[in-house]
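Architecture and fold: a report
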Amino acid sequence: VDAFQAWCGPCKPVVDLFRKVRNEVGSDLLHFAVAEVDSIDALEKYRGKCKPVFLFYAGGELVAVVRGANAPLLQKTILEQL
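Everything numeric here is computed off the predicted structure, so don't read it as measured data. Counting from 1, residues in each chain are numbered in the order their sequence is written. Since the coordinates come from a predicted model, pLDDT governs what is reported: local features require at least 70, and pairs of side-chain atoms require 80 or more to be given and counted, while whole-chain, interface and lining totals use all residues. Values shown for side chains rest on all heavy atoms present in the structure; no hydrogens or waters enter the calculation.

**Examining the pairing of strand β3 (residues 53-58)**
Only when DSSP finds a minimum of two bridges between them are two strands counted as paired. Put simply, DSSP H or I for four residues or longer makes a helix, DSSP E for two residues or longer makes a strand, and each gets a number counted from the N terminus. Relative to β3, strand β1 (residues 2-4) is paired through 2 bridges, and the arrangement is antiparallel. Within the sheet, the bridge partner assigned to aspartate 2 lies in β3 and is phenylalanine 54. Of the pairings in the sheet, the one linking β3 to strand β4 (residues 61-67) comprises 6 bridges and is antiparallel in character. Bridging from a neighbouring strand, tyrosine 57 pairs with leucine 62 of β4. Hairpin connection, β3 to β4: the antiparallel pair is bridged by 2 residues, and glycine 59 has positive phi, about 60°.

**Here we look at the sheet that holds β1**
A sheet is described by the order of its strands in space; here 4 strands give the open sequence β2-β1-β3-β4, paired in mixed fashion. Lying at the two open borders of the sheet, with one neighbouring strand each, are β2 (34-36) and β4. Neighbour-to-neighbour, the strand axes of the sheet open up by a mean angle of 30°, direction not taken into account. Any two residues whose heavy atoms approach within 4.5 Å are treated as being in contact. For helices, the fitted axis covers only the stretch in contact; all axes are lines through C-alpha atoms, and the angles between them, taken along N-to-C directions, range from 0 to 180 degrees. Contacts between helix α2 (residues 71-81) and the sheet are confined to β3 and β4, with β4 contributing the most and set at about 165° to the helix.

**Observations regarding the packing of aromatic side chains**
Aromatic pairing here means that ring centres of Phe, Tyr or Trp (its six-membered ring) are within 6.5 Å. Orientation follows from the plane angle: under 30 degrees is stacked, over 60 is edge-to-face, and everything else is tilted. Counted under the stated rule, the structure contains 2 aromatic pairs. Seen in terms of ring centroids, phenylalanine 18 and phenylalanine 54 are 5.8 Å apart; in terms of plane orientation they differ by 85°. Their pairing is edge-to-face. A residue pair is termed long-range when its members are at least 10 positions apart, and phenylalanine 18 in helix α1 (residues 12-25) and phenylalanine 54 in strand β3 qualify at 36 residues. Here phenylalanine 54 falls in the buried class, since its relative accessible area comes to 1%. Each residue's exposure class comes from its accessible area (1.4 Å probe, protein chains only) as a fraction of the maximum for that residue type: buried when under 20%, exposed when over 50%, partly exposed otherwise.

**Examining the confidence of the model for the protein**
Summary of the metric used: pLDDT quantifies the predictor's per-residue confidence within the range 0 to 100. Per-residue pLDDT for the protein averages 84, and the proportion of residues at 70 or more is 95%. When pLDDT is averaged over each element of the protein, β4 comes out on top at 93 and α1 at the bottom at 79.

**With respect to the nonpolar core**
Buried Ala, Val, Leu, Ile, Met, Phe, Trp, Tyr and Cys residues form a nonpolar core when they are joined through side-chain atoms within 4.5 Å. Residues Val14, Leu17, Phe18, Val21, Leu30, Phe54, Phe56, Ala64, Val66, Leu74 and Ile78 constitute the largest nonpolar core, which totals 11 residues. Those elements that place two or more of their residues in this core are α1, β3, β4 and α2. Considering every element that reaches this core, the biggest residue donor is α1, with 4 residues. If we skip the residues at most four places from it in the chain, alanine 64 touches Phe54, Leu55, Phe56, Thr77 and Gln81. Counting residues in each nonpolar core, the second largest holds 7 residues, with Ala35, Val37, Tyr46 and Val53 among its members.

Structure (structure tokens):
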């Protein structure tokens, strides 16, 4: 989940990375979403930050967090979590 705030928007440069990884591993295993933290109370702790935050869930549980648009770290985290 790309957790963002309305005033800085979702992290568009990372969308291409997500598409590339999803094409490589298949769409059955991997799902991406964006969430505006200003409108979701459960994501309140991510408000007030300019850096994008990427939340990784498996089985309904938060399993990893990557702060910032670090493409190599995001790709590594995605592959490790799969």
